[in-house]
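Geometric and topological summary
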Amino acid sequence: MKRLPIPPEVTGDEIDPDVRQELMSLPKGLAEEVARNLVMVAQLIDEEPDKAYEYSRIALRLASRVAAVREAAGFAAYATQKYSEALAEFRAARRMSGGVELWPVMADCERGMGRPERALAMAGEPEVQKLDKAGQVEMRLVAAGARRDMDQLDAAIVTLQSPELASGAVHPWTARLRYAYADALLAAGRESEARDWFAKALEADKDGVTDASDRLAELDGVEFVDAFDDSDDEGVEGVEGVEGAIDEDDDEDDVDGGVELRDGDIDDEIDEIDEIDEVDDIEDRDVR
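Below is a short write-up of the structure.

Rules used in this analysis
Residues numbered from 1 in each chain as written. Predicted model: local features only at pLDDT ≥ 70, side-chain atom pairs only at ≥ 80, totals over all residues. Heavy atoms only, no water. Helix = DSSP H or I, 4+ residues; strand = E, 2+ residues; numbered from the N terminus. Buried < 20%, exposed > 50% of the residue type's maximum accessible area, 1.4 Å probe, protein only. Areas by Shrake-Rupley, 256 points an atom, 1.4 Å probe, with all protein chains shown as cover. Contact = heavy atoms within 4.5 Å. Core = buried A, V, L, I, M, F, W, Y, C linked by side-chain atoms within 4.5 Å. Patch = residues over 30% accessible without salt bridge, like charges linked within 9 Å, V, L, I, M, F, W, Y side chains within 5 Å. Salt bridge = Lys/Arg side-chain N within 4 Å of Asp/Glu carboxyl O. Lys, Arg positive; Asp, Glu negative; His and termini not counted. Charge placed at Lys NZ, Arg CZ, Asp CG, Glu CD. Expected span 1.5 Å × (residues − 1). Polar contact = N/O pair within 3.5 Å; in protein donor to acceptor, adjacent residues only side chain to side chain. Phe/Tyr/Trp six-rings, centres within 6.5 Å; stacked < 30°, edge-to-face > 60°.

Next up on the list: the overall build of the protein. Looking only at helices and strands, the protein has 14 helices and zero strands in total. What you see in the protein, going N to C, is helices and strands ordered as α-α-α-α-α-α-α-α-α-α-α-α-α-α. Buried residues in the protein amount to 40% of all 288 residues. Within the structure as shown, the protein displays about 16,500 Å² of accessible surface, and the carbon and sulfur contribution to it stands at 45%.

With that settled, consider the side chain of Ser-162. If you trace the backbone, Ser-162 turns up in the loop between helix H9 (153-160) and helix H10 (163-166). Here Ser-162 is in contact with Arg-140 and Leu-177, once residues within four sequence places are set aside.

This part covers the nonpolar core. Counting 51 residues, the largest nonpolar core has Leu-23, Val-34, Leu-38 and Val-69 as its most contacted members. If you list the elements that add at least two residues to this core, you get helix H1 (17-23), helix H2 (28-44), helix H3 (49-62), helix H4 (67-79), helix H5 (83-97), helix H6 (103-112), helix H7 (116-122) and helix H8 (133-149). The greatest single-element share of this core, amounting to eight residues, is contributed by H2. Other than its neighbours up to four places away in sequence, Leu-38 contacts Ile-15, Val-19, Leu-23, Ala-59, Val-69 and Ala-72.

On the surface, Asp-16, Asp-18, Glu-22, Glu-71, Glu-101 and Asp-132 cluster together to form a negatively charged patch. Within the secondary structure, Asp-132 is located in the loop between H7 and H8. Assessed through its relative accessible area of 53%, Asp-132 is described here as exposed.

End to end, helix H11 (residues 174-187) covers 20 Å across 14 residues, agreeing with the expected 20 Å (1.5 Å per residue, within 8%). Inspection of H11 places Thr-174, Ala-175, Leu-177, Arg-178, Tyr-179, Ala-180, Tyr-181, Ala-182, Ala-184 and Leu-185 among the buried residues, and these make up the whole buried set. The elements touched by buried residues of H11 are H8, H9, H10, helix H12 (191-204) and helix H13 (212-219). Gly-189 lies just past H11 and shows a positive phi near 85 degrees.

Let us now look at the environment of Ser-56. With respect to the secondary-structure elements, Ser-56 resides in helix H3. Taking the C-alpha atoms as reference points, Ser-56 and Met-40, 16 residues apart in sequence, are found 8.4 Å from one another. Each residue touching Ser-56, except ones within four places of it in the same chain, is listed here: Val-41, Ala-72, Ala-73 and Ala-76. A distance of 2.6 Å separates the side chain of Ser-56 from the backbone oxygen of Tyr-53, its partner in a polar contact.

The final tally for this structure, using the stated rule, is four aromatic pairs. Pairing Phe-75 with Phe-90 gives two aromatic rings, centres 4.9 Å apart and planes at 70 degrees, and the pair type is edge-to-face. Of the two residues, Phe-75 is situated in helix H4 and Phe-90 in helix H5; the sequence distance between them amounts to 15 residues. Since its relative accessible area comes to 30%, Phe-75 is described here as partly exposed. A ring pair is formed by Tyr-179 and Phe-198, whose centres lie 5.4 Å apart and whose planes are at 70 degrees; its orientation type is edge-to-face. Of this pair, Tyr-179 sits in helix H11 while Phe-198 is found in helix H12, placing the two residues 19 residues apart along the sequence. Judged by relative accessible area, which is 17%, Tyr-179 ranks as buried.

Listed below in structure tokens is the structure:
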């Protein structure tokens, strides 16, 4: 089996204790190798999902009977928009672990495969009631997205209206919930309300998980300027030409002179109701 390079500083000890516990069913050397590949998946999945996917396939070939490995492989496939493959891995992980935590992302895979109606069906399944608060909010986001996929914009807006949306408390999912609501309002032509909710999303988005600041700026008519675009380069070349001409004049005519150059000021103003599909226990079929 072909291996991928792993930096020596990646020991495998970085993985979650619960995952390490699952890997204890493997021989020690194998467990360490799988752990190191899982660490690489976690480190790369956001910025380099294709590479993360490659590491996940190695871990999968080494330990396909470990639920955490199937889950990691599912998320890596999901990040690269391989939704059928991701759903198959999530189903396998769920069968092994017996948990319901993956229900929302499984429903979103249905959306990714162009089956929003199945995602909505999943939103009505008993598994939703077993989710924690974060999982239920995630399910609501998926359901609202499915409604929008089906051109049911008003229903999507209603789906997002919830005690969690109205609450002033900030949780890890708050920014994304407010952002999704603002985006739906804007799509419905309710620009003033949308602006208010983009502002609320930005207020809760301490980690920059959304682009609420950009969306808010767009609504406010702020244009962003690239300080290093081609027009700036042309301007620099023009200035250099002027300076060169002046230098030549100075040399030829012995005339003292100067050109005061000013840099132009650049202003940078920065500023998904239930969902869930009937998911059969399809053992070996590969099913935003």
